[in-house]
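Structural characterization, general
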Amino acid sequence: MPRAFILVLDSFGIGWAPDADQYGDAGADTLGHIAEACARGEGDREGLRSGPLNLPCMASLGLGLAAQLVTGTVPANLKSPVLRGRFAAAREVSRGKDTPSGHWELAGVPVTFDWGYFPPDYPSFPEKLTNAIIERGGLPGILGNCAASGTEILKELGEEHMRTGKPICYTSADSVFQIAAHEQTFGLDRLLALCELVRELLTGYNIGRVIARPFVGEPGRFIRTANRHDYALEPPAPTLLDRLKEAGREVVSVGKINDIFAHRGITKAVKGPDSAALFDLVEHEAAHAPDGSLTFANFVEFDSEWGHRRDVAGYAAALEYLDARIAAFIPQLKPGDLAIITADHGCDPTWKGTDHTRECVPILLFGPPVLPGSAGLRDSFADVGQTVAAHLGIDPLECGEAITLD
């Protein structure tokens, strides 16, 4: 029986979507702009990387050609003399450019409703909500109460948080309520309990995620830890994961997939502190996952560490590292295995601001059953889920069109 692997490079867009102007993102291009910057020498960083963007494995799987479907141009240095995979690009049907919308649509459930959002300026949160959080959470107050970069707000308010015991509460352009607190002075368990409370209090606001953002260190040297936890709303309909679990299949979450799907449809969840550790876990599943299983992985650092922080060199270096890991992963696939590289939205590190960008995403299919070629520009991310459903032999999902592999 075949197996499937979905590898989500969080935020790895390949060109602005047709409706990007509605989001202020017309012209955004995560992959294209990184490639252009590296070609100009703007992606060089001593001790990290230098020169043109070098992704020989993903280029051979059709990455540059997938980008060409969107922008009309193969990004700099991404032409490959060979083609070893089936490639496509996909537009997003869901309303938004956020993590849950992108992932749920990949799993066959587009978001057709509007998320709730908090305004960016102080105070972002309604007074009634803030008072309830303080009273029920037994807090002396909260800090922040605005839209902010997660790393910048730690620099601004981290010391005051440690001194007063007030958690740092902030939002962004996404449908989120984020809470940052020091693991030692505030306590990790206390932070997670507070996030569960806030998730409950947000009933009726239609906010996609409450995110725990624990950190450690001293003023001037704060570091966010790997103990982040997302408290998401449940998908509004059964996803690919639910269908597989109901069919008795193993569904393995690697990274934050389990959180994104509100722990639904998952039979096994594993996490790691960074992309290297997460890929180690993917390789472990390639060696041990049973027939008929799905391993679904998210590599969040592309978004959290380099996209939002507008770090071209860091993003490029991370892509090159993962490209080498994928090249070593391909021979580990067994007969019948299907692997798909894709993304959930864009986060162009050359773009204005620090938020996600509304972009199309790549769909790179490879493995023993896959014949090289183009699957064209797809109308929905849901084609990924439908393709996996067909490959694993379960009933079709409600949304999406399966990509033929031969």
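The structure reproduced in this document is the subject of the present report. Residue numbering note: each chain is counted from 1, following its sequence as written. Local features in this predicted model are restricted to residues of pLDDT 70 or higher, and side-chain atom pairs are both shown and tallied only at a pLDDT of 80 or more, whereas totals for entire chains, interfaces and linings draw on every residue. Think of the side-chain values as coming from all heavy atoms in the structure, minus any hydrogens and water.

It is worth spelling out the sheet that holds strand E12 (residues 338-342) at this point. Strand pairing is assigned whenever DSSP identifies at least 2 bridges connecting the two strands. Counting from the N terminus, the helices are DSSP H or I runs at least four residues long and the strands are E runs at least two residues long. Strand order in the open sheet formed by eight strands is E10-E9-E11-E1-E12-E13-E2-E14, with mixed pairing between adjacent strands. One side of each edge strand has no neighbouring strand; the edge strands of this open sheet are strand E10 (268-270) and strand E14 (373-378). For this sheet, the mean inter-axis angle between neighbouring strands, taken without regard to orientation, is 15°. One ladder, built from three bridges, connects E12 with strand E13 (residues 361-366); its direction is antiparallel. Directly across from Ala339, in E13, lies its bridge partner Phe366. Sitting on the sheet, helix H12 (residues 312-329) is in contact with strand E1 (4-9), strand E11 (294-299), E12 and E13, with an inclination near 170° to E1. Interaxial angle, 0 to 180 degrees, is taken between N-to-C directions of lines fitted to C-alpha atoms, where a helix line uses only the stretch in contact. Pairs of residues are marked as contacts when any of their non-hydrogen atoms sit within 4.5 Å.

Attention now moves to the packing of aromatic side chains. In summary, the pairing rule links any two rings of Phe, Tyr or Trp, Trp by its six-membered ring, whose centres are within 6.5 Å, and it sorts them by plane angle into stacked for under 30 degrees, edge-to-face for over 60 and tilted for everything else. Enumeration over the complete set of coordinates arrives at 13 aromatic pairs. Considering the side-chain rings of Phe5 and Phe329, the 5.7 Å spacing of their centres and the 80° angle between planes classify their relative orientation as edge-to-face. Taken together, the residues Phe5 in strand E1 and Phe329 in helix H12 connect sequence positions 324 residues apart. For the pair formed by Phe5 and Phe329, the shared burial category is buried. Buried, partly exposed and exposed residues are distinguished by accessible area as a fraction of the type maximum, computed with a 1.4 Å probe on protein chains only: under 20%, between the cut-offs, and over 50%, respectively.

On to the packing of helix H10 (residues 275-288) against H12. Here H10 crosses H12 at 10°, and the two axes come no closer than 11 Å. One finds that H10 runs roughly parallel with respect to H12. Counting all contacts with H10, which are made through Ala276, Phe279, Asp280, Val282, Glu283 and Ala286, the residues of H12 involved are Tyr321, Leu322, Arg325, Ile326 and Phe329. When the residues that make up the contact of H10 with H12 are grouped by side-chain class, the tally is eight nonpolar, no polar and three charged. The scheme is simple: roughly parallel for angles under 35 degrees, roughly antiparallel for over 145, roughly perpendicular for 65 to 115, oblique for anything else. Gly falls in the polar group here, along with every residue not listed as nonpolar (Ala, Val, Leu, Ile, Met, Phe, Trp, Tyr, Cys, Pro) or charged (Asp, Glu, Lys, Arg).

Attention now goes to the nonpolar core. By nonpolar core is meant a set of buried Ala, Val, Leu, Ile, Met, Phe, Trp, Tyr and Cys residues that side-chain atoms within 4.5 Å join together. Grouped together as the largest cluster of nonpolar side chains are 84 residues, with contacts concentrated most on Leu240, Leu241, Leu294, Phe299 and Phe329. Residue contributions to this core peak at eight residues, all from H12. Excluding its chain neighbours within four sequence positions, the residues that come into contact with Phe329 are Phe5, Leu7, Phe279, Val282, Glu283, Ala286, Ala339 and Phe366. Among the nonpolar cores identified, the runner-up in size contains 22 residues, and Leu139, Cys195, Leu202 and Ile207 belong to it.

Moving on, we come to the packing of helix H5 (residues 127-137) against helix H7 (residues 183-201). H7 packs onto H5 with a crossing angle of 140° between their chain directions and a minimal axis gap of 10 Å. Relative to H7, H5 is oriented oblique. Relative to H7, H5 is oriented so that their crossing is right-handed. On H7, the residues that touch Leu129, Ala132, Ile133, Arg136 and Gly137 of H5 are Leu194, Leu197, Val198, Glu200 and Leu201. Here the residues of the contact of H5 with H7 are counted per class, giving seven nonpolar, one polar and two charged. It is the rotation of the near helix from the far one that decides the hand of a crossing: anticlockwise by less than a right angle makes it left-handed, clockwise makes it right-handed.

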